[in-house]
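# Tertiary structure, described
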Amino acid sequence: IGRLSDAARELQTVNDIYELIAEELKGIIKYDRLAISRFDFVDRILTIDYVDGVSLPDEKIGDSIPSDPAEIDWGWFLENTGQDPNPDRDNTLENFDLVSWIQAPIGIGSENPDGFLSVRRSKQKPYGQTDSIVLAEIAKQITPIIHSIRVREQLVELRDERDYSE
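Residues numbered from 1 in each chain as written. Predicted model: local features only at pLDDT ≥ 70, side-chain atom pairs only at ≥ 80, totals over all residues. Heavy atoms only, no water.

The secondary structure content of the protein chain amounts to four helices and six strands. When the helices and strands of the protein chain are listed from N to C terminus, the series reads α-α-β-β-β-β-α-β-β-α. The proportion of buried residues among the 166 residues of the protein chain is 40%. For the protein chain, contacts bridging at least 24 residues in sequence account for 55% of all contacts bridging at least 6. On the protein chain, roughly 9500 Å² of surface is accessible, and the fraction owed to carbon and sulfur atoms is 49%. (Helix = DSSP H or I, 4+ residues; strand = E, 2+ residues; numbered from the N terminus. Buried < 20%, exposed > 50% of the residue type's maximum accessible area, 1.4 Å probe, protein only. Contact = heavy atoms within 4.5 Å. Areas by Shrake-Rupley, 256 points an atom, 1.4 Å probe, with all protein chains shown as cover.)

This is the structure we're talking about:
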């Protein structure tokens, strides 16, 4: 993960860092699907920013769902299907042979995270509690990197707007 900090100085967009995170994560936690989502606290919408691996019809890049941050379970661990209280999500996972799922919050404040890092795996080998702990630690470590690039993107956007209006 330390290499991500060094690389972030050279990268231009948050999508570039997501690609690098996906590449590094493959060597730490095996997954069949990775998703990185962002929460907009003003509009109260959770949006999928990045996906690597298995494509799910209702969970594509750019898809958003209205969400109340108080009702979002930011970090959790699902060892096998049949444990998820949401039967639709459980069925979707099973239909795509994804049965084990962990996610961890991304963000500085634990009460209001910016989004989450989510990985899912097929029936071959379910995630364990250790995987959940490792993912949570990785999410903590990548938070400042993602923030840094988002701020840089916003500054460029503001500069471009200012130059355009002059």
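Okay, the pairing of strand E5 (residues 98-106) next. The side chains of a regular strand alternate between both faces of the sheet. Of all nine residues in E5, eight are buried, a share of seventy percent or more. Pairing of E5 with strand E6 (residues 115-122), which is carried by eight bridges, proceeds in the antiparallel orientation. Bridging across to E6, Ile106 finds its partner in Gly115. (Pairing = 2+ DSSP bridges.)

Looking now at the nonpolar core. Core analysis: the biggest nonpolar cluster contains 24 residues, and Leu34, Leu117 and Val119 have the highest contact counts within it. For this core, the element with the most residues is helix H4 (residues 129-165), which contributes seven residues. (Core = buried A, V, L, I, M, F, W, Y, C linked by side-chain atoms within 4.5 Å.)

If you check the backbone angles, Arg44 has positive phi at about 55° while not being a glycine. Locating Arg44 in the fold gives a position in the loop between strand E1 (33-40) and strand E2 (45-53).

Let us now look at the environment of Ser118. Structurally, Ser118 can be placed in strand E6. With 14 residues separating them along the chain, Ser118 and Ala104 place their C-alpha atoms 6.5 Å apart. Excluding anything up to four places from it in sequence, Ser118 contacts Arg33, Leu34, Ala35, Trp101, Ile102 and Gln103. Engagement of the side chain of Ser118 in a polar contact is seen with the side chain of Trp101, the distance being 2.7 Å. (Polar contact = N/O pair within 3.5 Å; in protein donor to acceptor, adjacent residues only side chain to side chain.)

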